[in-house]
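Observations on the three-dimensional arrangement
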Amino acid sequence: MEIKDAVKILKEKGRIKVKDGHGTILELVAPQSWDAAKDDQDGIFLFFEVFQIRHVAEQFSEVSLDIIEYATKPTIYHTPVNRILKNGPILEGKVKFSVIRKDFWNRFLFAFSQPLILQFSKSKDWDMATEEFFPLLSAGTKEMFLSPDGDVKIIRA
């Protein structure tokens, strides 16, 4: 299945299940289709570029933006939620996000042109399969807390 076909499913259904190269079933959900009653509160917002962060987080300091911009390994960031965000995985006033740079996945997000929410599916069925490995599943994935004023805390290195 081509990326354009997957985007069509996303636009029609609001979600798509993708089997990646590891065999993991990833469910990608459009924010407007995310449902607090049935979706995972531990979901991660996925962006194709840094400026999309403002959709879910307060304005960052230059230090925090530089950390995100120059990260060399896949990283999941935790940050206080933007008070205008009403729908999505918000846990204890914080959201998680990642800027995905790996070629295939970045093109996938870019083709949809808005943030997506990642959750791991418990179901064995999928809409699309790819041989591409999802970057946040690699052993070197890091987690960090970033505050809007530049405070940084490493959660997992």
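Residues numbered from 1 in each chain as written. Predicted model: local features only at pLDDT ≥ 70, side-chain atom pairs only at ≥ 80, totals over all residues. Heavy atoms only, no water.

**Some points on the pairing of strand β5 (residues 94-99)**
The two faces of a sheet get side chains in turn, since along a regular strand they alternate between them. Burial within β5 is extensive, with five of its six residues counted as buried. By the bridge criterion, four bridges tie strand β4 (residues 75-80) to β5 in an arrangement that is antiparallel. Along β5, the bridge assignment pairs Tyr-77 with Phe-97. (Buried < 20%, exposed > 50% of the residue type's maximum accessible area, 1.4 Å probe, protein only. Helix = DSSP H or I, 4+ residues; strand = E, 2+ residues; numbered from the N terminus. Pairing = 2+ DSSP bridges.)

**Concerning the pattern of salt bridges**
In this structure the tally under the stated criterion is eight salt bridges. Of the charged contacts, one joins Arg-15 and Asp-39 as a salt bridge, the two residues approaching to 2.9 Å between their closest N and O atoms. Of this pair, Arg-15 sits in strand β1 (residues 15-19) while Asp-39 is found in the loop between β2 (25-29) and β3 (44-47), placing the two residues 24 residues apart along the sequence. Residues Arg-15 and Asp-39 agree in their burial class; the two are buried. A salt bridge links Asp-103 to Arg-107, with the shortest nitrogen-to-oxygen separation between them at 3.5 Å. (Salt bridge = Lys/Arg side-chain N within 4 Å of Asp/Glu carboxyl O.)

**Remarks on the nonpolar core**
In terms of nonpolar packing, the biggest core is built from 25 residues, with Ile-16, Leu-46 and Phe-108 touching the most fellow members. Listed by contribution, the elements that provide at least two residues to this core are α1 (3-13), β1, β2, β3, α3 (103-112) and β6 (116-120). If we ignore the near neighbours within four places in the chain, the residues touching Phe-108 are Ile-3, Ala-6, Val-7, Leu-10, Ile-16, Leu-28, Leu-116 and Met-128. Within the second largest apolar cluster, 19 residues are counted, among which are Val-29, Phe-45, Phe-47 and Phe-97. (Core = buried A, V, L, I, M, F, W, Y, C linked by side-chain atoms within 4.5 Å. Contact = heavy atoms within 4.5 Å.)

**Digging into the sheet that holds β5**
The strand order across the open sheet formed by nine strands is β7-β1-β2-β6-β3-β5-β4-β8-β9, and the pairing between neighbours is mixed. With one partner strand each, in any of the chains shown, β7 (128-129) and β9 (152-156) form the two edges of the open sheet. Taken together, the four bridges between strand β8 (residues 142-146) and β9 define a ladder with antiparallel strand orientation. Considered in β9, the bridge of Glu-143 is made with Arg-156.

**A closer look at the packing of aromatic side chains**
One pass over the full model with this rule turns up nine aromatic pairs. Centre to centre, the rings of Phe-48 and Phe-110 are 5.1 Å apart; their planes meet at 85°, and the pair counts as edge-to-face. Separated by 62 residues along the polypeptide, Phe-48 in the loop between β3 and α2 (62-69) and Phe-110 in helix α3 bring together distant segments of the chain. (Phe/Tyr/Trp six-rings, centres within 6.5 Å; stacked < 30°, edge-to-face > 60°.)

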